[in-house]
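Coordinates in review
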Amino acid sequence: QVQLVESGGGLVQPGGSLRLSCVASGFTFSNYVMRWYRQAPGKERELVAGISTSGRSTNYAEPVKGRFTISRDNARNTVFLQMNSLKPEDTAVYYCYAVHGMDYWGKGTLVTVSS
């Protein structure tokens, strides 16, 4: 059974940090490109960051460049998203996504940035 389980979301003040994790099971994690997406209330889901199978290549959406860092640990079947200097506009449900022919989504974790 394929599962992507996100964790680490919560309420944080502007300027704060959070680290999201996504643990994968049921497929060969190291073969899959991993991405984080987010969906803010009333908006479409958007790509936040992606990472290659080896972890050597990453890409970021313009609004998060320089603030967010994606990484992965293939030994632990886990992908991370370190989020620093958070802004209210980063408030969204964050989803983990795996793709390699087939694709899989997690159920999401809510990040709220508010004072």
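Above this text sits the structure in question.
Throughout what follows, the structure given in this document is the object of discussion. (Residues numbered from 1 in each chain as written. Predicted model: local features only at pLDDT ≥ 70, side-chain atom pairs only at ≥ 80, totals over all residues. Heavy atoms only, no water.)

A few points about the pairing of strand 1 (residues 3-7)
Across the two faces of strand 1 the burial differs, with Leu-4 and Glu-6 buried and Gln-3, Val-5 and Ser-7 not buried at all. Direction of pairing for strand 1 relative to strand 3 (residues 18-25): antiparallel, over a ladder of five bridges. Within strand 3, the position partnered with Gln-3 by the bridge is Ser-25. (Buried < 20%, exposed > 50% of the residue type's maximum accessible area, 1.4 Å probe, protein only. Helix = DSSP H or I, 4+ residues; strand = E, 2+ residues; numbered from the N terminus. Pairing = 2+ DSSP bridges.)

Quick word on the pattern of salt bridges
Here the structure, examined in full by the defined rule, presents five salt bridges. Measuring nitrogen to oxygen at the nearest pair gives 2.7 Å for the salt bridge that ties Arg-38 to Glu-46. Arg-38 sits in the buried class, given a relative accessible area of 6%. Here Asp-90 makes a salt bridge to Arg-67, at a shortest N to O gap of 2.7 Å. Here the residue Asp-90 occupies a position in the loop between strand 8 (78-83) and strand 9 (92-100), and Arg-67 occupies one in the loop between strand 6 (58-60) and strand 7 (68-73), the gap between them amounting to 23 residues. Note on accessibility: Asp-90 and Arg-67 belong to one class, buried. (Salt bridge = Lys/Arg side-chain N within 4 Å of Asp/Glu carboxyl O.)

Quick word on the packing of aromatic side chains
Per the counting criterion, the structure on display carries seven aromatic pairs. Where Tyr-95 meets Trp-105, the ring centres are 6.3 Å apart and the plane angle is 85 degrees; that geometry is what we call edge-to-face. Of this pair, Tyr-95 sits in strand 9 while Trp-105 is found in strand 10 (residues 102-105), placing the two residues 10 residues apart along the sequence. Here Tyr-95 falls in the buried class, since its relative accessible area comes to 12%. Take Trp-105: its relative accessible area is 37%, and that puts it in the partly exposed class. (Phe/Tyr/Trp six-rings, centres within 6.5 Å; stacked < 30°, edge-to-face > 60°.)

Focus on the sheet that holds strand 1
An order of 1-3-8-7 is seen for the four strands of this open sheet, with the pairing classed as antiparallel. Looking at which strands have only one partner, the edges of the open sheet turn out to be strand 1 and strand 7. Strand-to-strand, the axes of this sheet are offset by a mean angle of 15 degrees, without reference to chain direction. (Axes fitted to C-alpha atoms, helices over the stretch in contact; angles between N-to-C directions.)

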